[in-house]
Amino acid sequence: VPSATICALAAWSQGRWLKGDRRGAVFLAVLATLWPGWPFVAVLFIPLAVDVLLKDGLREALRLGVASGLFVLIPCAAFDAKAYSRATSPLWN
């Protein structure tokens, strides 16, 4: 199931990118990387990261990445803490 989720989110992210919606593409890329807990998936999004850096600059790229990361990680961490009664993350494995 995680690989199917990642595949769907990656395809959706690349579709948004092709339509010119870099914000949506970055959010979906971060979601695909952090939510299932497979951080090596981020390699798929290197071309997107380069495009955002070149077209929007470092400041905007960092802002989009950090904002998306917080938007994804906070609910995931809250759910995991509630479900497992302690702070945990699949990224720590």
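What you are looking at is a predicted structure, and each value in this text was computed from that prediction instead of being measured. (Residues numbered from 1 in each chain as written. Predicted model: local features only at pLDDT ≥ 70, side-chain atom pairs only at ≥ 80, totals over all residues. Heavy atoms only, no water.)

**Q** Can you walk me through the nonpolar core in this structure?
**A** Most often, soluble globular proteins keep nonpolar side chains buried together rather than apart. Ranked by size, the top nonpolar core spans 19 residues in total, and within it Val26, Phe45, Leu48, Val52 and Val72 carry the most contacts. Elements that contribute at least two residues to this core include exactly α1 (2-18), α2 (22-34) and α3 (46-84). At eight residues, α2 tops the list of elements feeding residues into this core. Sequence-distant contacts of Val26, that is, excluding residues within four places in its chain, are made with Leu48, Val52, Leu64, Gly65 and Ser68. (Core = buried A, V, L, I, M, F, W, Y, C linked by side-chain atoms within 4.5 Å. Buried < 20%, exposed > 50% of the residue type's maximum accessible area, 1.4 Å probe, protein only. Helix = DSSP H or I, 4+ residues; strand = E, 2+ residues; numbered from the N terminus. Contact = heavy atoms within 4.5 Å.)

**Q** Please explain α3 as it appears in this structure.
**A** Every α-helical turn comprises 3.6 residues, leaving residues that sit three or four positions apart pointing alike. An ideal rise of 1.5 Å per residue puts 57 Å on 39 residues; α3 reaches only 33 Å between its terminal C-alpha atoms. For α3, the set of buried residues is Leu48, Asp51, Val52, Ala61, Leu64, Ser68, Gly69, Val72, Cys76 and Asp80. Elements that come into contact with the buried residues of α3 comprise α1 and α2. Backbone geometry just downstream of α3 places Ser85 in the positive-phi region, at approximately 55°. (Expected span 1.5 Å × (residues − 1).)

**Q** I'm lost on the layout of surface pockets in this one. Help?
**A** One water molecule sets the probe size; rolling that probe over the atoms shows where empty space is left. Roughly 320 Å³ of volume is contained in the largest pocket. If you trace the largest pocket, you find 17 residues lining it, with Val26, Val30, Ala49, Ala61 and Gly65 closest to the centre. Counting residues per element, the ones that place at least two in the lining of the largest pocket are α2 and α3. Tallying contributions element by element places α3 first for the lining of the largest pocket, with ten residues. For the lining of the largest pocket, the per-class residue count stands at 15 nonpolar, two polar and no charged. (1 Å grid on protein atoms, 1.4 Å probe; cavity = no way out; pocket = protein on both sides within 12 Å on 5 of 7 lines; lining within 4 Å. Points joined across faces, edges and corners; volume = space filled by probe spheres on them. Nonpolar A, V, L, I, M, F, W, Y, C, P; charged D, E, K, R; others polar.)

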